[in-house]
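The residues making up each chain are set out below.
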Amino acid sequence: MPLLWVWALLLFSKVAVGDICASQRYTDAGECCKVCPPGTRVAVECGKDNTQCVPCEQGVTFSSEEDSPHCVTCARCPRGAPRIETCTVTADTVCDCGPTAYLWREGDNYTIALCAGCSRCSRGQGVAQKCSKHEDTVCEECPAGIAFNEETKLHGKACTPCTQCQPNEVEIRACEPSADAICMDKQLHINTRPVFADGTRAPPAGTSPQPPQAGDPRLTPREEEERGGGGSNILVYVSVLAAVVLGLLLYVAYKCWRSCQQKQALGKARAAAELNNAPEGEKLHSDSGVFLDSHSLQDTQPSKGSKRDSKQDGRLYVNLPPQRKEEVERALAESGPARGAGGWRALAEALGYERERADVFGRGEDPARTLLSDWAQQEGATLGLLCSALARIERPDVVATLTGPAQGVSVV
């Protein structure tokens, strides 16, 4: 009993002077349990003896919280994501995954790490915690009638407090998690004046009574029509509407005419190019009046003709029709006959791109389109250069898709 009283007195004195145990746990002998700081792990739990801590291994393991039960293995940056900060005993490795991604790990004991895209909060949700280097976006539901959020951007914002209508306003739509409240001024109503027995209205306050004239804004549409002003206004509105419709029709007709002119000019240019690039035998037969189909000639010498056309084709890739671009991008995204070979990465290397730059393209949803769009902005990005690069990576199928089949030419 005396020892118990001494222990109680000692504990009371510590509490009275502010020396409170930080861990709120005590040993069997009444000693305050030690707290393991970040950078260490608990080796022996507090009980009969005090807590025993073991430091983490520098550059190998870490712990970022107090009293951590174990040290976490440091992560390795994925391929294509450079390392910004080295792992310490209190913080994990920091990798550059870009502004819209974070470092995702498969468990604490695995070094497997990937750059995962940050989550997008939907409408009616606010951002409770923004996406960071190691943590994904944390979203929370906006409380109905209190806050809302209409944005769905990747880097969204927190829930915004709902607008409160003023005493001189009326609420026409309540606040919802995905939309703010709408208020309207109570004074927004149509001003009316008393009507006398003879059908005339009283003049506004402060003015002398005068007979209303046609076009007076104080008259109702029926009164305006009775005084002959309504018919003229309707005629003006109809005339303006007819002029607008006529202008739209003329504009559409002009655009159609311009499109037809461009198509005809393009067809003539293609026919002239095919005549200029035709072999001598074809020219001789054409001059003699014999019909010659260029398809048959192309079938006899496919590789030589394709190679010559690709080198001499000076058209810019950016001017290629969108449908043809999609076919080329789809073929590169699906790789060649040998799976994994001759894809967009091989084309990027043939066009002179560095490996790090190609890895940046690979982070997007459509790397083939990103590669060709970036290359098309360079000076001299012609179809001939692209066909040469495709030939070096052994993709004749993409060259055929890019150049398209030759059209038959008939000369009389």
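Note that the structure is a prediction, hence the values are computed from the model and not measured.

Novice: Please clarify how the packing of helix α11 (residues 383-392) against helix α12 (residues 396-403) should be interpreted in this entry.
Specialist: Relative orientation and spacing of two packed helices are given, respectively, by the angle between their axes and the distance between those axes. In contact at an axis separation of 8 Å, α11 and α12 are set at 160 degrees when each is read in the N-to-C sense. Taken together, the axis directions place α11 and α12 in an arrangement best described as roughly antiparallel. For the pair α11 and α12, the crossing hand works out as left-handed. In this structure, α11 uses Leu 383, Leu 386, Cys 387, Leu 390 and Ala 391 to contact α12, whose residues at the interface are Val 398, Val 399, Leu 402 and Thr 403. Taken together, the residues of the contact of α11 with α12 break down into eight nonpolar, one polar and no charged.

Novice: Hey, could you run me through the pattern of salt bridges in this one?
Specialist: When the charged atoms of two side chains lie near each other, side chains of opposite charge can form a pair. Counted according to the given criterion, the structure contains eight salt bridges. Arg 25 is the partner of Asp 67 in a salt bridge, and the nearest nitrogen-oxygen pair spans 3.5 Å. Here Arg 25 lies in the loop between α1 (2-16) and β1 (40-44) and Asp 67 lies in the loop between β3 (61-62) and β4 (72-73), a separation of 42 residues in the sequence. With relative accessibility at 28%, the residue Asp 67 sits in the partly exposed group. Look at Arg 25 and you get partly exposed, because its relative accessible area is 32%. With its nearest N and O atoms 3.7 Å apart, the salt bridge here joins Glu 327 to Arg 324. One end of the pair, Glu 327, and the other, Arg 324, are both in helix α7 (residues 322-333), three residues apart, so they sit about a helical turn from each other. Classification of Glu 327 as partly exposed rests on a relative accessible area of 28%. Residue classification places Arg 324 among the partly exposed positions, given a relative accessible area of 25%. Residues participating in the shared-partner salt-bridge network are Glu 329, Asp 366 and Arg 369.

Novice: Would you mind showing me how to read the packing of helix α9 (residues 355-362) against helix α10 (residues 367-376) here?
Specialist: For the pair α9 and α10, the least separation of the axes is 8 Å and the interaxial angle reads 125 degrees. Between α9 and α10, the crossing angle belongs to the class labelled oblique. Where α9 abuts α10, its residues Arg 357, Phe 361 and Gly 362 lie against Pro 367, Thr 370, Leu 371 and Asp 374. When its residues are assigned to classes, the contact of α9 with α10 shows three nonpolar, two polar and two charged.

Novice: Would you take a moment to explain the packing of aromatic side chains for this structure?
Specialist: Here the distance between the centres and the angle between the planes together describe a pair of aromatic rings. For the coordinates displayed, the defined rule picks out three aromatic pairs. Judged by centre distance (6.4 Å) and plane angle (35 degrees), the ring pair of Tyr 254 and Trp 257 falls under tilted. A residue pair is termed a helical-turn pair when its members lie 3 or 4 positions apart in one helix, as Tyr 254 and Trp 257 do in helix α3 (residues 230-276) at three residues. Given the relative accessible area of 46%, Tyr 254 is considered partly exposed. On the basis of relative accessible area, Trp 257 is assigned to the partly exposed category, the value being 47%. Across the ring face of Tyr 317, the terminal group of Lys 325 is positioned such that the distance to the ring centre comes to 5.5 Å.

Novice: Looking at this model, I keep getting lost on the state of the cysteines. Mind explaining?
Specialist: By definition, a disulfide is the covalent link that joins the sulfur atoms of two cysteine residues. Under the counting rule described, the total for this entry stands at 12 disulfides. The residue that forms a disulfide with Cys 33 is Cys 46, at a sulfur-sulfur distance of 1.8 Å. Across the disulfide from Cys 33 to Cys 46, rotation about the S-S bond amounts to roughly -65 degrees, and the bridge is consequently left-handed. Of this pair, Cys 33 sits in the loop between α1 and β1 while Cys 46 sits in the loop between β1 and β2 (52-55), placing them 13 residues apart in sequence.

Novice: What am I meant to see in the environment of Arg 330 here?
Specialist: Within the secondary structure layout, Arg 330 lies in helix α7. The spacing of Arg 330 and Trp 344 is 14 residues in sequence and 9.9 Å in space, taken between C-alpha atoms.

Novice: When you look at the side chain of Thr 137 in this model, what are you seeing that I'm missing?
Specialist: Looking at the element boundaries, Thr 137 is found in the loop between β9 (125-129) and β10 (138-141). Of note is the side chain of Thr 137, whose polar atom sits 3.4 Å from the backbone oxygen of Ser 119. Ignoring anything within four residues of it in the chain, the contact list for Thr 137 reads Cys 118, Ser 119, Cys 121, Val 127, Gln 129, Lys 130 and Cys 131.

Novice: Just to check I follow, could you spell out the nonpolar core for this structure?
Specialist: Where a protein is soluble and globular, its nonpolar side chains tend to be buried together. Counting 27 residues, the largest nonpolar core has Tyr 317, Leu 332, Leu 347, Leu 386, Leu 390 and Leu 402 as its most contacted members. Elements represented by at least two residues in this core include exactly α7, α8 (344-350), α9, α10, α11 and α12. Residue contacts for Leu 402: discarding those within four places in its chain leaves Tyr 317, Leu 320, Arg 324, Val 328, Leu 383, Leu 386, Cys 387 and Leu 390. Counting seven residues, the second-largest nonpolar core is a separate cluster that includes Cys 95, Cys 97, Ala 101 and Leu 103.

Novice: Just to check I follow, could you spell out α12 for this structure?
Specialist: Note: α-helices contain 3.6 residues per turn, so residues at a spacing of three or four share the same orientation. For α12, the full list of buried residues reads Val 398, Val 399 and Leu 402. What you see down the axis of α12 is that its buried residues fit within an arc of 105 degrees, all on one side. The inward-facing, buried residues of α12 contact α7 and α11. After α12 finishes, the residue Gly 404 shows a positive phi value of roughly 80 degrees.

Here is what the cut-offs are and how they apply
Residues numbered from 1 in each chain as written. Predicted model: local features only at pLDDT ≥ 70, side-chain atom pairs only at ≥ 80, totals over all residues. Heavy atoms only, no water. Axes fitted to C-alpha atoms, helices over the stretch in contact; angles between N-to-C directions. Helix = DSSP H or I, 4+ residues; strand = E, 2+ residues; numbered from the N terminus. Parallel < 35°, antiparallel > 145°, perpendicular 65-115°, else oblique. Left-handed = near helix turned anticlockwise from the far one by under 90°. Contact = heavy atoms within 4.5 Å. Nonpolar A, V, L, I, M, F, W, Y, C, P; charged D, E, K, R; others polar. Salt bridge = Lys/Arg side-chain N within 4 Å of Asp/Glu carboxyl O. Buried < 20%, exposed > 50% of the residue type's maximum accessible area, 1.4 Å probe, protein only. Phe/Tyr/Trp six-rings, centres within 6.5 Å; stacked < 30°, edge-to-face > 60°. Lys NZ or Arg CZ within 6 Å of the ring centre and 35° of its normal. Disulfide = S-S within 2.5 Å. Polar contact = N/O pair within 3.5 Å; in protein donor to acceptor, adjacent residues only side chain to side chain. Core = buried A, V, L, I, M, F, W, Y, C linked by side-chain atoms within 4.5 Å. Arc of directions from axis to C-beta.

Such coordinate-based values are descriptive only and should not be taken to indicate function.
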